[in-house]
Amino acid sequence: MGACGSSPAYDTSLIKTIVKGDAAKLAALLLSPTVDINQTDSTGWTPLIHAVSLNKPEMVSQLLKHDEIDPNQADRNGRGPLDYAARGNLPEPAQLLVDHDRCDPNQQNNGGGTALHVASQENHPDIVRILLAHLQLKVNLVTNDGASALFIAAERGHERVVQLLLGNVEIDVNLAMPWKLQGATVDATPLFAATFQEAQPIVDLLVAHPGIEIPRYSQVAACQQDESTEQVEMAI
């Protein structure tokens, strides 16, 4: 243990090897009975998060084969490896992660966002497709702000992502989130958001869904005319 007031010491041997891209050395280190496969650096990043973020599928695969690996271990922001695969639009690491039997596709970060929320926000349809194929995915989870992945994709105009989400049999097309309007808060659905943003292709997709409930368009029009209405900003 370091002296009082000093920074803690971190075992970053695996992390340094991953950053250098030395797969052979990583394989050797993983054979050690004392290796800490889930070691972290000062930011809380694990070897797996580093390998994912650097888009090194071979190393991701090596790490995931270790018996002690925690495929969901998150950093200080609550972001796990799958979250970073979604942010970076990294299909190969994402697929390796979701194929692991202990991977949680519904893991939520500190903002309540899942990998599906992130991929929907960043317009990464390949990641969305990978996630939707996972049998345990909960497609209607909401962030701390109350936003679903569908709402985020509709509000941001991501047409292909909206198409993919609407193809999921469990999707709740009418799931609403609180939205400030003229000093009050209204329940805004994905269709409400798409109409407000004048994203007609997405409006058409949503209206064509058999489960859609048409909102009060007078309310949407008022929202468009009110300069005090805030665009939805989600920290996910």
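Residues numbered from 1 in each chain as written. Predicted model: local features only at pLDDT ≥ 70, side-chain atom pairs only at ≥ 80, totals over all residues. Heavy atoms only, no water.

Q: Teacher, can you tell me more about unusual backbone geometry here?
A: Among all residues save glycine, negative phi is the norm, and among peptide bonds the norm is trans. We note that Asn 55 has phi near 55°; this positive angle belongs to a residue other than glycine. Note that Asn 55 resides in the loop between helix 3 (47-53) and helix 4 (57-64). Given the relative accessible area of 38%, Asn 55 is considered partly exposed. Not every positive phi belongs to a glycine, and Asn 89 is a case in point at roughly 55°. Following the sequence through the fold, Asn 89 ends up in the loop between helix 5 (81-88) and helix 6 (91-98). We classify Asn 89 as partly exposed; its relative accessible area is 33%. (Helix = DSSP H or I, 4+ residues; strand = E, 2+ residues; numbered from the N terminus. Buried < 20%, exposed > 50% of the residue type's maximum accessible area, 1.4 Å probe, protein only.)

Q: Explain the environment of Thr 195 here, please?
A: Turning to its location among the elements, Thr 195 is positioned in helix 11 (residues 190-196). A distance of 2.8 Å separates the side chain of Thr 195 from the backbone oxygen of Leu 191, its partner in a polar contact. (Polar contact = N/O pair within 3.5 Å; in protein donor to acceptor, adjacent residues only side chain to side chain.)

Q: How should helix 1 (residues 13-20) be read in this particular structure?
A: Helical periodicity: at 3.6 residues per turn, an α-helix aligns residues three or four positions apart in one direction. Of the residues making up helix 1, those classed as buried are Leu 14, Ile 15, Thr 17 and Ile 18. End-on, the buried residues of helix 1 take up no more than an arc of 165°, which puts them together on one face. Exposed and oriented more than 90 degrees from the buried face of helix 1 are Lys 16 and Lys 20. Where helix 1 is buried, its residues contact helix 2 (23-30), helix 3 and helix 4. One or two steps after helix 1, the chain reaches Gly 21, where phi turns positive at roughly 75°. (Arc of directions from axis to C-beta. Contact = heavy atoms within 4.5 Å.)

Q: Hey, could you run me through helix 8 (residues 125-132) in this one?
A: Among the eight residues of helix 8, six are classified as buried, and the element is accordingly described as predominantly covered. Taken together, the buried positions of helix 8 are occupied by Pro 125, Ile 127, Val 128, Ile 130, Leu 131 and Leu 132. Packing partners of the buried residues in helix 8 comprise helix 5, helix 6, helix 7 (115-122) and helix 10 (159-166).

Q: How should empty space enclosed by the protein be read in this particular structure?
A: Any empty space left between the atoms is revealed when a probe the size of a water molecule rolls over them. With the rule as written, the count across this model stands at one cavity of 30 Å³ or more. As for the largest cavity, its lining consists of Gly 78, Arg 79, Gly 80, Leu 82, Asp 83, Asp 104, Pro 105, Gln 107, Asn 109, Gly 113, Thr 114 and Ala 115. Residues of the lining of the largest cavity, tallied by class, amount to three nonpolar, six polar and three charged. (1 Å grid on protein atoms, 1.4 Å probe; cavity = no way out; pocket = protein on both sides within 12 Å on 5 of 7 lines; lining within 4 Å. Points joined across faces, edges and corners; volume = space filled by probe spheres on them. Nonpolar A, V, L, I, M, F, W, Y, C, P; charged D, E, K, R; others polar.)

Q: Please explain the nonpolar core as it appears in this structure.
A: Inside soluble globular proteins, nonpolar side chains tend to come together where they are buried. Membership of the largest hydrophobic core comes to 52 residues, with the highest contact counts inside it found for Leu 63, Leu 165 and Leu 206. In terms of nonpolar packing, the next biggest core, distinct from the first, is built from 12 residues, Trp 179, Val 186, Phe 192 and Ala 193 among them. (Core = buried A, V, L, I, M, F, W, Y, C linked by side-chain atoms within 4.5 Å.)

Q: What am I meant to see in the packing of helix 1 against helix 2 here?
A: Packing of helix 1 against helix 2 leaves a shortest axis separation of 8 Å and a crossing angle of 160°. Taken together, the axes of helix 1 and helix 2 are roughly antiparallel relative to one another. Helix 1 and helix 2 meet at a crossing whose hand is left-handed. Contact residues: Ser 13, Leu 14, Thr 17 and Ile 18 in helix 1; Lys 25, Leu 26, Leu 29 and Leu 30 in helix 2. Classifying every residue of the contact of helix 1 with helix 2 gives five nonpolar, two polar and one charged. (Axes fitted to C-alpha atoms, helices over the stretch in contact; angles between N-to-C directions. Parallel < 35°, antiparallel > 145°, perpendicular 65-115°, else oblique. Left-handed = near helix turned anticlockwise from the far one by under 90°.)

So, to be careful, I would describe these as geometric facts and stop short of saying anything about function.
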